[in-house]
Amino acid sequence: MDAERALGTMNYELIKGRPKRLMWAQRDPSLRKSGVGNVFIKNLDTSIDNKSLYDTFSVFGIILSCKVAHDERNQSKGYGFDHFETQDASDQAIQKVNGMLLIDKKVYVGRFMTRMAQKKNN
């Protein structure tokens, strides 16, 4: 109960000027490595942060992890990842948000694929 309250009230609060990210602990790496529920988002406006990405995609289901990629200067690289609890939630997010304008940029949303899987498809 306390963990749920912390996720709901303290996620993305600033500590030393940087937003903290709270997530449920995933002790089983096979869930993450399986690719089930993983979504890749690219062509993000640089003003979109972790919280904005989370808020945009949380309407589709429970998000286990959400992150915008940053460079060494903490500048957005223009892409990010969402890991949904279910494949159905990720499929809905892909269907509804792919091609949508977010802050005047048309974003691509698709299933996350490892580099090795991408090479196999090419």
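For the structure, see preceding data.
These numbers come from a predicted model, not from an experiment. (Residues numbered from 1 in each chain as written. Predicted model: local features only at pLDDT ≥ 70, side-chain atom pairs only at ≥ 80, totals over all residues. Heavy atoms only, no water.)

Trainee: Explain the nonpolar core here, please?
Mentor: Side chains of nonpolar character tend, in soluble globular proteins, to be buried together. One finds Ile41, Leu44, Leu53, Phe57, Phe84, Val107 and Val109 to be the most contacted residues of the largest nonpolar core, which totals 18 residues. Looking at this core, the elements with two or more residues in it are strand S3 (38-42), helix H3 (50-57), strand S4 (63-70) and helix H4 (87-97). No other element matches the 4 residues that H4 contributes to this core. Those residues in contact with Leu53, other than ones at most four positions away along the chain, are Ile41, Leu44, Ile48, Cys66, Lys67, Val68, Gly80, Phe81 and Asp82. (Core = buried A, V, L, I, M, F, W, Y, C linked by side-chain atoms within 4.5 Å. Buried < 20%, exposed > 50% of the residue type's maximum accessible area, 1.4 Å probe, protein only. Helix = DSSP H or I, 4+ residues; strand = E, 2+ residues; numbered from the N terminus. Contact = heavy atoms within 4.5 Å.)

Trainee: Can you walk me through the sheet that holds strand S8 (residues 108-111) in this structure?
Mentor: Across a sheet, paired strands are connected by hydrogen bonds in the backbone, their directions being either parallel or antiparallel. Reading across from one edge, S4-S5-S3-S8 is the order of the 4 strands in this open sheet, with antiparallel pairing throughout. Of all the strands in the sheet, just S4 and S8 have a single pairing partner and so form its edges. Shown here is a sheet whose adjacent strand axes are inclined to one another by a mean of 20°, direction ignored. Note that S3 and S8 share 4 bridges and pair antiparallel. The residue of S8 that forms the bridge with Ile41 is Val109. Contacting S3, S4, strand S5 (76-84) and S8, H3 runs over the sheet at an angle of about 140° to S4. Sheet contacts for H4: S3, S5 and S8; angle to S8, the most-contacted strand, approximately 155°. (Pairing = 2+ DSSP bridges. Axes fitted to C-alpha atoms, helices over the stretch in contact; angles between N-to-C directions.)

Keep in mind these numbers describe shape, not what the thing actually does.
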